[in-house]
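# Examination of the molecular architecture
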Amino acid sequence: MMTTLALATALGGAVLGTPLSPQAETTDLSRVFKKGQVYNYQLRSHLQIEQRQAELDTFIPEDVDINYDFNYKVDDVKPSGFALITYNRPTMTQILGENNERGPVSEKIPVNYKLAMEISTINEVISLKDLNPVKAHRIQRSAKLNAAFAAAPMAPVAQGILNEWAGELQRLALFIGSLDSSLDFNPKLPYEETKVGETWKRTMSYQPQVIKGEGDRQAVQRLDMTYTYAGIVEVSGKKYHRVNAKMSLDTDAAGYINQQMRMKPEQSGIGKIPLKLQSEITFDLDLQNRAPVNTIAKTTGGWSLTLHGQSIAMVEERIKGRVTMKLASMK
């Protein structure tokens, strides 16, 4: 069972608001950076994992929290409005939930991220340089999950690929990955002024999916986040720009893995590997500089492995994630 997460090497929640009216016809959502300004954020995440194997009726639950604080200082602002910043994340804290053998276990992991970055006015990472190139710490997968995969009569390469996609679902559920796809520099903002109800997309990950118009043939394709501008809302007496976002994945990776190995299901032993993920995020942005103030993300999903010729999944996992990011201070 997966009790821990692989951390990225590239490197209170908001309440519902009430829309205000009338809304402006078009709105500029681009970031406004100011030289010397320092942003301090707190990110808190919780992932509930439930897994069962073979013909067991009971899902075994396990919980993990990944928490960290980060800050960045605007060192300079270009004429284009792009910001040159220094990003700092000294540590990350992992909390493993209690089980039958022990109580909760908390571990503070020194990651020592210090990065020189250029951030565009639409919140995209343009460049990144590691100012403290110390090898990043990793939190490894548990032996239980690896043993579960090893027990399946699959080719070793198939086990490796499945481990990769299962781990990616967990990282997506907590938005822990590269700074391009994490919540730290989200939401990705529209290229032009936008109206209430308008949408735009950005790629968050890549997953095996069926190619449209080519039967059952699969390829690794982009998994997009769809953003929608919801207008100006009022939350606890304060007004914000509200951006909502959704991401959805519903695919079967068995075909892709079999294609990669150039094997038929009866040769590889792989019957079905459904991957599912549904994420919804609410971003509340400062009216003046469009920096995210409160962010809350909720994700459900899971995966399972059914061997060829079998009707019952050998391994099945359900995941539920919740992440909040709060602007603690800006000075």
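Everything numeric here is computed off the predicted structure, so don't read it as measured data. By convention here, each chain's residues receive numbers from 1 onward along its written sequence. Since the coordinates come from a predicted model, pLDDT governs what is reported: local features require at least 70, and pairs of side-chain atoms require 80 or more to be given and counted, while whole-chain, interface and lining totals use all residues. Side-chain numbers come from the whole structure's heavy atoms, not from hydrogens or water.

### Considering the overall build of the chain
Our working rule: Strands here are runs of E lasting at least two residues and helices are runs of H or I lasting at least four, both read from the DSSP assignment and numbered beginning at the N terminus. The classification of residues rests on relative accessible area computed with a 1.4 Å probe and restricted to protein chains. Under 20% of the type maximum is buried, over 50% is exposed, and intermediate values are partly exposed. Values of accessible area rely on a 1.4 Å probe in the Shrake-Rupley scheme; residue burial ignores everything except the protein chains shown.
For the chain, the count of helices and strands is four helices and 13 strands. By the burial criterion, 49% of the 331 residues in the chain qualify as buried. Surface accessibility of the chain: about 16000 Å² in total, with carbon and sulfur atoms responsible for 49%.

### Thoughts on the packing of aromatic side chains
Within a pair of aromatic rings, the relevant descriptors are the distance that separates the centres and the angle that separates the planes. What counts is decided by this rule: Within 6.5 Å between ring centres, the rings of Phe, Tyr and Trp (the latter by its six-membered ring) count as paired, and their orientation is classed by plane angle as stacked under 30 degrees, edge-to-face over 60, tilted in between.
Within the structure shown, the criterion is met by nine aromatic pairs. A centroid spacing of 5.1 Å and a plane angle of 15° characterise the contact between Tyr41 and Phe70, whose relative ring orientation is stacked. Taken together, the residues Tyr41 in strand β2 (residues 38-53) and Phe70 in strand β3 (residues 60-77) connect sequence positions 29 residues apart. We classify Tyr41 as buried; its relative accessible area is 2%. The buried category is assigned to Phe70, whose relative accessible area is 2%. With a centroid separation of 6.2 Å and 15° between ring planes, the pair formed by Tyr41 and Tyr72 is classed as stacked. One end of the pair, Tyr41, is in strand β2; the other, Tyr72, is in strand β3, with 31 residues separating them in the sequence.

### A word on unusual backbone geometry
A cis amide bond, omega 10°, links Asn186 with the succeeding residue Pro187. Following the sequence through the fold, Pro187 ends up in the loop between α2 (156-174) and β7 (199-210). Of note in this structure, Arg290 is not a glycine but carries a positive phi near 65°. Tracing the sequence through the fold places Arg290 in the loop between β11 (274-285) and β12 (292-307). The exposure class assigned to Arg290 is buried, which follows from its relative accessible area of 12%.

### Section: the confidence of the model for the chain
Any segment with low pLDDT has predicted coordinates that should not be analysed in fine detail. As a reminder of what qualifies: Each residue carries a pLDDT value, the predictor's own confidence for that position, ranging from 0 to 100. Contacts between residues were defined by any pair of non-hydrogen atoms, one from each residue, lying within 4.5 Å.
Here the chain shows a mean pLDDT of 81. Residues at 70 or above account for 78%. Here helix α1 (residues 143-150) stands out as the element of the chain with the lowest mean pLDDT, 36, in contrast to β11, whose mean of 95 is the highest. In this model residues 1-16 is a low-confidence stretch, pLDDT under 50, and it forms 68 contacts with partners more than four residues away in sequence or in other chains. Here residues 138-155 is a poorly scored stretch, pLDDT under 50, and it has 52 contacts once near neighbours within four places are set aside; other chains count.

### As for helix α3 (residues 254-261)
Among the residues of α3, those classed as buried are Ala254, Tyr256, Ile257, Asn258 and Met261. Two residues or fewer past α3, Arg262 is found with a positive phi of approximately 55°.

### Section: the pairing of strand β13 (residues 315-330)
Note the following rule: Any two strands with at least two DSSP-identified bridges between them are counted as paired.
Note: β2 against β13, 15 bridges, orientation antiparallel. Pairing of Leu43 across the sheet is with Met325, part of β13.

### Some thoughts on the pairing of strand β4 (residues 83-96)
Pairing of β3 with β4, which is carried by ten bridges, proceeds in the antiparallel orientation. The residue bridging Asn67 from the neighbouring strand is Thr93, located in β4. In this structure, the hairpin formed by β3 and β4 is closed by a connection of five residues, where Gly81 is found at a positive phi of approximately 95°. Here β4 runs beside strand β5 (residues 105-119); their pairing, made up of 13 bridges, is antiparallel. Directly across from Leu84, in β5, lies its bridge partner Glu118.

### As for the pattern of salt bridges
How we decide: Any Lys or Arg side-chain nitrogen located within 4 Å of an Asp or Glu carboxyl oxygen qualifies as a salt bridge.
With the rule as written, the count across this model stands at eight salt bridges. Glu316 serves as the salt-bridge partner of Arg52, at 3.0 Å between the closest nitrogen and oxygen. Of this pair, Arg52 sits in strand β2 while Glu316 is found in strand β13, placing the two residues 264 residues apart along the sequence. Judged by relative accessible area, which is 26%, Arg52 ranks as partly exposed. Judged by relative accessible area, Glu316 falls into the partly exposed class, the value being 23%.

### Thoughts on the side chain of Arg31
In plain terms, the rule: We score Asp and Glu as negative and Lys and Arg as positive, and we do not count His or the chain ends.
Counting through the fold element by element, Arg31 comes out in the loop between β1 (18-19) and β2. Of the side chains with opposite charge, Asp286 comes closest to the buried, unpaired Arg31, at an N-O distance of 8.5 Å. Excluding residues within four positions of it along the chain, Arg31 makes contact with Tyr39, Tyr72, Thr121, Asn123, Leu189, Asn289, Arg290, Ala291 and Pro292.

### Describing the environment of Gln267
Residue placement: Gln267 occurs in helix α4 (residues 265-268). C-alpha of Gln267 to C-alpha of His308: the two residues are 41 residues apart in sequence and 8.9 Å apart in space.

### As for the side chain of Asn289
Assignment of secondary structure puts Asn289 in the loop between β11 and β12. Contacts of Asn289, omitting those with residues within four sequence positions, involve Ser30, Arg31, Val32, Tyr39 and Met330.

### A short note on the environment of Val64
Position of Val64 relative to the elements: it lies in strand β3. Residue classification places Val64 among the buried residues on the basis of a relative accessible area of 0%. For Val64 and Ile49, which are 15 residues apart along the polypeptide, the C-alpha to C-alpha distance reads 8.1 Å.

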